[in-house]
Amino acid sequence: MRQVIVQGRGGQGAQTAGNLLAAAFFAQGLQVQCFASYGGARRGTPVSSYLRVDEKPIRVRCDIERADAILCFDASLLDGRLLAAAHERTLIVVNSAHSAAHFAALLPGRRVLPVDGLGIAREHGLGRIVNSALLGALAQALGAPELEVLIQTVVAQAPRLHDENIAAVRAGWHAMAAQLQEARS
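Predicted model only: the values in this text are computed from it and were never measured.

**Q** Honestly, helix α6 (residues 147-157) in this entry has me stumped. Any pointers?
**A** An α-helical segment advances 3.6 residues per turn. Residues three or four places apart therefore align on the same side. Taken together, the buried positions of α6 are L147, V149, L150, I151, T153 and V154. Those residues of α6 that are buried lie in contact with α1 (14-27), α5 (131-142) and α7 (162-184).

What follows is the structure, given as structure tokens:
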């Protein structure tokens, strides 16, 4: 079973991103479980979306304590509480213009892959809406869900700006692919 935590702040779209990711995995024929946790329902407060994915039915019904991946919408949230759910192999994709070397120095022993989701979103006419770019990056880093399935899911559930969201998903996917290729070199 793969377990993913999506962490953001109220209004950033972390809960929506978790739902889109769950829908994309489900569209690929996998079993999913997705739920959110948030304090006061207001802008700026921490919001977590939890996702479990497996080929067989998922029977566990608790918070994720050991994540396989974390998608973090705001680097300032990479703190003790969130990192407590990470182990040495947890993949952490973070929305940041900082380099991987910056995070290697800041969080030694962690697998942190930054992607400039805000830059990608602005470049493709989405303003501050980073969901699509970050989902593309995470899907590339995880090797799932498939790019075209993710794009179809985003388009089916996005109320507008379909072309912009498609471009952002692809740009996030390719930005992460380039980073992973560079890390292998």
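There is more to say, and it comes next.
**Q** Just to check I follow, could you spell out the pairing of strand β5 (residues 86-95) for this structure?
**A** Successive residues of a regular strand alternate their side chains across the two faces of the sheet. Judged by how many residues are buried, β5 sits mostly within the fold: eight of ten residues are covered. Inspection of the sheet shows strand β4 (residues 67-72) paired to β5 by five bridges, in the parallel sense. Directly across from C72, in β5, lies its bridge partner V94. Pairing of β5 with strand β6 (residues 111-115), which is carried by five bridges, proceeds in the parallel orientation. When the bridges of β6 are listed, L91 appears paired with R111. Once you follow β5 into helix α3 (residues 100-106) and on to β6, the crossover reads as right-handed.

**Q** Where do I start with the nonpolar core in this structure?
**A** It is characteristic of soluble globular proteins that their nonpolar side chains tend to be buried jointly. Counting residues in each nonpolar core, the largest one holds 42 residues, and the members touching the most others are V4, L71, V93, L138 and M176. A total of eight residues in this core trace back to one element, the largest contributor, which is α5. Beyond its immediate sequence surroundings of up to four residues, L138 is in contact with V4, L21, A69, L71, V93 and A144.

**Q** Quick question: what am I supposed to make of the pairing of strand β3 (residues 46-54) here?
**A** Of all nine residues that make up β3, eight are buried, and the element is covered over most of its length. When strand β1 (residues 2-9) meets β3, the two strands line up antiparallel, connected through eight bridges. Each bridged residue has a counterpart across the sheet, and for Q7 the counterpart in β3 is S48.

**Q** Explanation requested: the environment of I64 in the structure shown.
**A** Position of I64 among the secondary structure elements: in the loop between β3 and β4. Take I64: its relative accessible area is 5%, and that puts it in the buried class. Spatially, the C-alpha atom of I64 lies 7.5 Å from that of I5, the residues being 59 residues apart in sequence.

Thresholds applied
Along every chain, residues carry numbers that run from 1 in the direction the sequence is written. It should be noted that, the model being predicted, local features are given only for residues of pLDDT at least 70 and side-chain atom pairs only at 80 or more, the latter also being counted only at that level, while totals for whole chains, interfaces and linings use all residues. To get the side-chain values, all heavy atoms of the structure are used, and hydrogens and water are removed first. Relative accessibility decides the category of a residue: with a 1.4 Å probe and only protein chains considered, values under 20% of the type maximum give buried, values over 50% give exposed, and everything between is partly exposed. Segments assigned H or I by DSSP are reported as helices when at least four residues long, segments assigned E as strands when at least two residues long, and all are numbered from the N terminus. The contact criterion used throughout is that any non-hydrogen atoms of two residues lie within 4.5 Å. Two strands make a pair as long as DSSP finds a minimum of two bridges between them. By definition, the crossover connecting two strands over a helix is right-handed if that path, from the first strand to the second, turns clockwise as seen with the strands pointing away from the viewer. Residues belong to a common nonpolar core when they are buried Ala, Val, Leu, Ile, Met, Phe, Trp, Tyr or Cys residues joined through side-chain atoms within 4.5 Å.

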